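Architecture and fold: a report
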Amino acid sequence: MTEPFLQELAAPFPGFVAGLSPGRPVAVLCHSDCDGIGAGAILVKALERLGHAVAVEVTGKGGSAWAPDIAPRLARHGPQALIVADLGVRAEPVLPGVPTCYVDHHKPTGTPPGAVVISGYGTEPTPTSGLLALACAGAVDAAAGLDWLAAVATISDLSDSAPFQLMTDVRRAYKITHLKDATALLNAARRSATGDAKPALDLLLKATGPKDVTAGDYPEVEYLKRCKAEVSAAFAEGKKVAPKVVGDIALVRVHSPCQIHPMVVQIWRTRLAKPVVMVANAGYVPGQVNFTVRTATDLNLIEFLRAKAPPDPGPNYGHGHDRATGGALKYDQWNVFIRGLGFGPEAEVNEATGSWA
Ligand SMILES: [Mn+2]
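Residues numbered from 1 in each chain as written. Predicted model: local features only at pLDDT ≥ 70, side-chain atom pairs only at ≥ 80, totals over all residues. Heavy atoms only, no water.

1. Comments concerning the pairing of strand β9 (residues 288-294)
Which entries qualify depends on this criterion: Relative accessibility under 20% of the residue-type maximum defines a buried residue, over 50% an exposed one, and the middle range a partly exposed one, all with a 1.4 Å probe and only protein chains included. Secondary structure elements are taken from DSSP: a helix is a run of H or I of four residues or more, a strand is a run of E of two residues or more, and numbering for both begins at the N terminus. A pair of strands is considered paired only if DSSP assigns at least 2 bridges between the two.
Along β9, 6 of the 7 residues are buried, which leaves the element largely enclosed by surrounding structure. Pairing geometry for strand β8 (residues 276-281) and β9, over 5 bridges, is antiparallel. Bridge assignment links N281 to a residue of β9, and that residue is N290. Linking two consecutive strands that pair antiparallel, namely β8 and β9, is a turn of 6 residues; a positive phi of about 95° is found at G287 within it.

2. Comments concerning the pattern of salt bridges
What counts here: Think of a salt bridge as a Lys or Arg side-chain nitrogen and an Asp or Glu carboxyl oxygen that are within 4 Å of each other.
Scanning all chains against the criterion turns up 11 salt bridges. A salt bridge links D298 to R323, with the nearest nitrogen and oxygen atoms 3.9 Å apart. Within this pair, whereas D298 is found in the loop between β9 and α13 (301-307), its partner R323 is found in the loop between β10 (317-321) and β11 (324-330), the two being separated by 25 residues in sequence. Assessed through its relative accessible area of 40%, R323 is described here as partly exposed. The network of salt bridges with shared partners includes E57, D69, R73 and R76.

3. Concerning the sheet that holds strand β4 (residues 100-104)
Keep this limit in mind: Throughout, an axis means a line fitted to C-alpha atoms (over the contacting stretch in the case of helices), and angles, computed between N-to-C directions, take values from 0 to 180 degrees. Whether two residues are in contact is decided by their heavy atoms: any pair within 4.5 Å suffices.
The 5 strands lie next to each other as β2-β1-β3-β4-β5, forming an open sheet whose pairing is parallel. The open sheet terminates on both sides in strands that have one partner only, identified here as β2 (54-58) and β5 (116-119). Direction aside, neighbouring strands of the sheet carry axes that sit 15° apart on average. Note that strand β1 (residues 26-30) and strand β3 (residues 81-85) share 5 bridges and pair parallel. Its bridge partner being in β3, C30 is matched across the sheet by A85. Here helix α3 (residues 34-49) sits on the sheet in contact with β1, β2, β3 and β4, set at roughly 165° to β1.

4. Re the nonpolar core
Note the cut-off: To define a nonpolar core, start from buried Ala, Val, Leu, Ile, Met, Phe, Trp, Tyr and Cys residues and group those joined through side-chain atoms within 4.5 Å.
Grouped together as the largest cluster of nonpolar side chains are 67 residues, with contacts concentrated most on F13, I83, W148, L186, V213 and L224. Aside from chain neighbours lying at most four places away, what touches F13 is L43, I83, C101, I118, C136 and V140. M278, V293, L341 and W356 belong to the second largest nonpolar core, which has 23 residues in total.

5. Quick word on the coordination of the manganese ion
The criterion, for reference: In this listing, donors mean N, O and S atoms no farther than 2.8 Å from the metal, or 3.2 Å for Na, K and Ca; water is missing from the atoms, so a site can look incomplete.
Protein ligation of the manganese ion involves D35 (OD), D86 (OD), H105 (NE2) and D157 (OD), the donor distances falling in the range 2.1 to 2.3 Å. Mapping the donors of the manganese ion onto the primary sequence yields the spacing D-x50-D-x18-H-x51-D. Of this pair, D35 sits in helix α3 while H105 sits in the loop between β4 and β5, placing them 70 residues apart in sequence. Summarising the burial analysis for this pair, D35 and H105 share the class buried.

6. Describing unusual backbone geometry
Of the consecutive residues E124 and P125, the connecting peptide bond is found in the cis state with omega at -5°. Among the structural elements, P125 can be located in the loop between β5 and α5 (129-139). For D141, which is not a glycine, the phi torsion comes out positive at approximately 55°. By secondary structure assignment, the location of D141 is in the loop between α5 and α6 (147-157). Here D141 falls in the exposed class, since its relative accessible area comes to 75%.

7. Quick notes on the pairing of strand β7 (residues 249-254)
Using the following cut-off: We call a crossover right-handed when, viewed with both strands directed away from the observer, the connection leading from the first strand over the helix to the second proceeds clockwise.
The buried fraction of β7 amounts to 5 of the 6 residues, a majority that puts the element mostly inside the structure. Pairing of strand β6 (residues 244-246) with β7, which is carried by 3 bridges, proceeds in the antiparallel orientation. Looking across to β7, one finds that K244 is bridged to L251. The antiparallel pairing of β6 with β7 creates a hairpin that spans 2 residues between the two strands, and G247 there sits at a positive phi of about 60°. For the crossover that starts at β7, traverses helix α12 (residues 261-271) and ends in the parallel β8, the hand is right-handed.

As structure tokens, then:
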């Protein structure tokens, strides 16, 4: 059962699908996290059920649809249309000249001319991209058996107690522990040092339920378990780092090729009463500091970051949600940014080596 407001949000999807013709593939580009690949798997399966060939791509580290490698990767497939899931909405096209549908719940930064935008941003409760994708599949009568994919997407971005009817429904059909274990495994792929989530998406396309993800006889399951062990070891290191506090801001500096910064920030967000809790990772992508910001207060973090932005921060700064945001800054820009927040040289990164001062 899908809430009426989700059905309303998905209402433009059948029109987009009606514009497709048989033959050339439809490309689906999704974010590498569990919400993104869950949404992507739902959209791929729905399109295939409608008789379309589908080519699927997943973002890598950094996770932007507008990264320079993405358009060429999509163009290779010669797609007649494109669906972009869980990657935000900007004015600039992802693949110029190709009809595009966005399925997303992040704060849009612009309106792409001519595109179909299915956005959950601003609705209360805000649905995940997985929930929106399931509503889209439902709108074209192609959602049977795909509910668990929206569930792992939702557990990943929100929690297993997210206030959606779907989360009640899936408890009857699946064991919640299987859904939660599957979510953790699927997220390990994008958090690993390579950040390669394609095997996780491939597994979702083969699996018939969460148990196939945790215990299925597929090579991808072994891959995910290796990723999980790697990320767990990196997280154990990251957890040991003490925060530095300046005013209302708590900063934790880590250095890991794994995407542990969003995990470490969750620990400190609950432990510290500071309105702004930030975890910065100088080892995730060489040449830049990736950082995650959270708050347990009502502070709007997107506005906070906008007010504190260094000159010319680029498009990967201050995106996401009002209470869960972050970004990436080149080393020199990070140093300007963190000084502007009132921190001293101890919070700066060595621009030559990428290590913390
Ligand atoms: Mn999401």
